[in-house]
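# Per-entry structural report
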Amino acid sequence: AAVPERIYLPGYDDLRKVLKEVGDIEGSKELKAAGHAVASEIVVPGAQARAAGLGALEQKAAATLKAARIDTGGAVRFGAGFAAAFGAEFGAARNQRRNTSRGLVAGWNQFQPWRGSGPDAGYFLWPTIHAETARIVEAIGEHLAPLFKRAFPERG
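This one's a predicted model, so the numbers in the text were calculated from it and none came from an experiment.

Each value, and the rule that gives it
Residues numbered from 1 in each chain as written. Predicted model: local features only at pLDDT ≥ 70, side-chain atom pairs only at ≥ 80, totals over all residues. Heavy atoms only, no water. Helix = DSSP H or I, 4+ residues; strand = E, 2+ residues; numbered from the N terminus. Rg over C-alpha atoms; globule rule 2.2 N^0.38 Å. Phe/Tyr/Trp six-rings, centres within 6.5 Å; stacked < 30°, edge-to-face > 60°. Buried < 20%, exposed > 50% of the residue type's maximum accessible area, 1.4 Å probe, protein only. Bend = angle between axes of the 7 residues up to and from the residue. Contact = heavy atoms within 4.5 Å.

With that settled, the discussion passes to the overall build of the chain. Tallying secondary structure elements over the chain gives 6 helices and 4 strands in all. Walking the chain from its N terminus toward its C terminus, one meets helices and strands in the order α-α-α-β-β-α-β-β-α-α. For 156 residues, the compact-globule estimate of 2.2 N^0.38 gives 15 Å, and the chain exceeds it by more than 25% at 19 Å. Projecting the C-alpha coordinates of the chain onto the three principal axes gives extents of approximately 65 × 30 × 25 Å.

This brings us to the packing of aromatic side chains. This structure, assessed with the given rule, holds 3 aromatic pairs. Judged by centre distance (6.0 Å) and plane angle (70 degrees), the ring pair of Phe 78 and Phe 124 falls under edge-to-face. Placement of Phe 78 in the loop between β2 (73–77) and α4 (85–90) and of Phe 124 in the loop between β4 (103–107) and α5 (125–131) is noted, with a sequence separation of 46 residues between them. The exposure class of Phe 124 is buried, given its relative accessible area of 0%. Measuring from centroid to centroid gives 6.3 Å for Phe 86 and Phe 90, while their planes differ by 10 degrees, and the two rings are stacked. Here Phe 86 and its partner Phe 90 are both found in helix α4, 4 residues apart, which amounts to about one turn of the helix. The partly exposed category is assigned to Phe 86, whose relative accessible area is 47%. Following the ring pairs from residue to residue traces out a cluster consisting of Phe 78, Phe 86, Phe 90 and Phe 124.

The next subject is helix α6 (residues 133–151). Given 3.6 residues to a turn, an α-helix orients residues that are three or four positions apart in the same direction. Leu 144 marks where α6 bends most, by close to 55 degrees; the proline Pro 146 follows one to four residues later. Among all positions of α6, only Ile 136, Ala 139, Ile 140, Leu 144 and Leu 147 are buried. For α6, the secondary structure elements touched by its buried residues are α1 (12–22), α2 (25–52) and α5.

In C-alpha cells:
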C-alpha cells in the first residue's frame, strides 16, 4: 500500500549529500537528531492526542508511535507489537467477506472505514503530519541552522 507523500524540505537532500561526500559523521548525527527531535516533540504527541479523541483501538495503535533515527534523517516507527495498528490508522473495507483462519467472516469491522493512501489518508498520524507540516519544517530548520551554516558558509 502506498503512503501519503513525504514532507519536502528545500536544501535537505543537498545537505545530506554534502555530509555524506565529506564524511561528516557528526553532521550526519545532527541531521538524524533533528529529525528525531521533531518527530518526538511534534508528530508523536500530536498524533497521540488526536487518537485520544477517536477510540481505544486508535489510542492503543498511537501508543506504538516512536521517533526514530534513520539513514535519511528522522522518522516515526509505528505498529510494533500491535497487529491492528495500521487498520486503526488507515481503516479497512468493512463488511467484506474474508477467508480467515476462523473461516469465512464479514470482517475488519473493528476499524473505521478505509481512508485510502492519498492526501486524506489516516485517522491520527497522517492527519497530524499534514496539519503540522509548517511547524515541522520550521522546527527542522531551526535544529539544522547551525549545520547548514557550517556546510554551506557561502549561502550565509
